[in-house]
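Below are the chains, spelled out letter by letter.
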Amino acid sequence: MQIDVNEYKHENEYKELIENYAGKPESLLAIMQDIQKQYNYLPRLAISLISRHVGIPVSRVYAMASFYKAFSLTPKGRFVFRVCDGTACHIKNSETLLDQLQKSLGIKPGETTTDGMYSVETVNCLGACALAPVMVVNGKVYGKVSPGDLEGIIKEYGGQNHGYDNQGS
Amino acid sequence: MKIKLNGKEREAMPGESILELCKRENVPIPTFCYHQAFGGQGACRMCMVEVREEGQKEARLAAACTYLLNREAEVITESDRIQRIRRTIVMLLKRRAAGDPILKELADAYAAPDLEAVVTEPENCILCGLCIHACEEMGKSAIWSMFRGIDKRIATPYDEASDDCIGCAACARICPTHAISMEEKDSKRIIWNKSFELVACRRCGKEYATREEIEYLKERSDYGQENLCESCRKKTLAITVKNYI
Ligand code: SF4
Ligand code: FES
Ligand code: FES
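This structure is a prediction, so every number in the text was calculated from the model and none was measured.

K.L.:
Teacher, can you tell me more about the interface of chain A and chain B here?
P.N.:
It is common to give the size of an interface as the accessible area lost on bringing the parts into contact. The partner chain B presents 13 residues to the 16 residues of chain A that form the contact. When chain A packs against chain B, close to 1400 Å² is buried across both sides, 57% of that on carbon and sulfur atoms. The three residues of chain A that bury the most area against chain B are Met 1, Ser 59 and Tyr 62 of chain A, which together make up 39% of that side's buried surface. In this structure, the connection of chain A to chain B is made through one salt bridge.

What follows is the structure, encoded as structure tokens:
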């Protein structure tokens, strides 16, 4: 497995988080959640350290990470824009929100801006259909979002349209 | 324990699966995900039969490979209902493995309608899971089923050459639809995006395994005779035994 040299800088941090749990298979999910929470994704080095610690092959740890939406295998931005694309939100034009985000940030769902600031994702029904279309940014919920609101919301997270156009395309 | 199998009284062992009983009695049942070494998985649903256990009013559909017989029952392996179910299953499996001759044959046999093919990765994979078992049995688990829903597929982590893979090809050999591609040329074997050096048998010269597999087996067992292919190993063993007696 090819591991980015940068990840080795964090090796001891990963290990510290991992060793909070007993080295047995039952610890797997909890460790993965802690790492995801701390780094917003599961670095390759962490996956291989987890595999060794709990005694589960790398393939199975990766399978687990790829199965659950709560885990990410690629680095996420500091701010993650989760746009609901459930039925209610879809009908209320969640897609135009995604289009607008792509215009403002230059990224499609699943992507991250090159400066590591923003990610855009789609999620299935967030359970707040009355507020459709719904968007969540790092845990903060925005309801009845219109494309025009997005600029203001991005600003809240530091983005002042500093040249995100045409990025990541 | 008495089982009425297609109208004939048969004797089954408690805990035996319907499929095992049928195999013993030479009653053919189509299967994909079953393998003697691992037993039934119930993944492909190709082996559906009708069962009515003692005391039940109606026959139920069940996967023969996972249904364990624990009391007297009646089993029917061919009926219109089963025919229909298998037709649907063949239709769906063939969609994923349109290029596989066995599925083509089955599709003809069951008059399964043609659906637009889906190109799977690896091609022709029906997700039976046998390769995962084979690799696990080797003690390697280099591959697993990744992602979910329509994206689900068998792969190595990150689709890269896996540190765990020893290129033994157990996965490719067990695959019922030959979906796992393996290329062998110039004394190299390429499988799962990893290239391995093939080693020739010391006696007959046939390239029989990868260097990694041989090393691995050596450290795992007392793999006595060095660098001999299976048939030469058996021959040497026979000679040793003969000299001994
Ligand atoms: S070739 Fe690699 S993936 Fe396939 S069974 Fe052998 S070790 Fe596992
Ligand atoms: S569909 Fe978006 S919150 Fe329910
Ligand atoms: S052989 Fe029984 S379900 Fe696949």
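Next comes the rest of the description.
K.L.:
Teacher, can you tell me more about the sheet that holds strand β10 (residues 182-185) of chain B here?
P.N.:
Whenever strands of a sheet pair, they do so through backbone hydrogen bonds, lying parallel or antiparallel. All names here are of chain B. Ordered by their spatial adjacency, four strands build an open sheet running β10-β11-β12-β13, and the pairing between neighbours is antiparallel. A strand with exactly one partner marks an edge of an open sheet, and here the two such strands are β10 and β13 (207-210). Pairwise comparison of adjacent strand axes, ignoring direction, gives a mean angle of 30 degrees for this sheet. Sheet topology places strand β11 (residues 188-191) next to strand β12 (residues 194-200); four bridges connect them, and they run antiparallel. Bridge assignment links Arg 189 to a residue of β12, and that residue is Phe 196. Sheet strands touched by helix α6 (residues 211-220): β12 and β13. Its angle to β13, the strand with the most contacts, is close to 70 degrees.

K.L.:
I keep staring at helix α5 (residues 58-67) of chain A and nothing clicks. Help me out?
P.N.:
One turn of the α-helix equals 3.6 residues, which is why residues spaced by three or four share an orientation. Where burial is concerned, most of α5 of chain A is hidden: seven out of the 10 residues are buried. For α5 of chain A, the full list of buried residues reads Val 58, Ser 59, Val 61, Tyr 62, Ala 63, Ala 65 and Ser 66 of chain A. In the core, the buried residues of α5 of chain A are packed alongside α3 (28-39) and α4 (44-54) of chain A together with β8 (144-146) of chain B.

K.L.:
Where do I start with the environment of Leu 69 of chain B in this structure?
P.N.:
All names here are of chain B. Tracing the backbone through its elements, the reader meets Leu 69 in strand β6 (residues 68-69). The class for Leu 69 is buried, based on a relative accessible area of 0%. Separated by 41 residues in sequence, Leu 69 and Pro 28 place their C-alpha atoms 18 Å apart.

K.L.:
Looking at this model, I keep getting lost on the pattern of salt bridges. Mind explaining?
P.N.:
Once their charged atoms are close, side chains differing in charge can pair, the charge on each being opposite to the other. All names here are of chain A. Throughout the structure, instances matching the rule amount to 18 salt bridges over all chains. The salt bridge partner of Glu 11 is Lys 15, with a shortest N-O separation of 3.3 Å. Of this pair, Glu 11 and Lys 15 both sit in helix α2 (residues 11-18), four residues apart, roughly one helical turn. Lys 76 is paired through a salt bridge with Glu 121; the nearest N and O atoms lie 2.4 Å apart. In this pair, Lys 76 sits in the loop between α5 and β1 (79-84) while Glu 121 sits in strand β2 (residues 118-123), placing the two residues 45 residues apart along the sequence.

K.L.:
Would you explain the domain arrangement of chain B in this entry?
P.N.:
Residues and elements named next belong to chain B. Partitioning chain B into structural domains gives domain 1 (2-78) and domain 2 (130-244). Measuring from the centre of the C-alpha atoms in domain 1 to the corresponding centre in domain 2 gives 33 Å. Facing six residues of domain 1, the contacting portion of domain 2 comprises seven residues. Of the roughly 530 Å² buried between domain 1 and domain 2, counting both surfaces, carbon and sulfur atoms make up 76%. On the domain 1 side of the contact with domain 2, Phe 32, Phe 38 and Gln 41 bury the most area, a combined 83% of that side's loss. The interface formed by domain 1 and domain 2 includes zero salt bridges.

What counts and what doesn't
Residues numbered from 1 in each chain as written. Chains lettered and ligands numbered in written order. Predicted model: local features only at pLDDT ≥ 70, side-chain atom pairs only at ≥ 80, totals over all residues. Heavy atoms only, no water. Contact = heavy atoms within 4.5 Å. Buried area = accessible area lost by both parts, 1.4 Å probe. Salt bridge = Lys/Arg side-chain N within 4 Å of Asp/Glu carboxyl O. Pairing = 2+ DSSP bridges. Helix = DSSP H or I, 4+ residues; strand = E, 2+ residues; numbered from the N terminus. Axes fitted to C-alpha atoms, helices over the stretch in contact; angles between N-to-C directions. Buried < 20%, exposed > 50% of the residue type's maximum accessible area, 1.4 Å probe, protein only. Domains from an automatic or database assignment.

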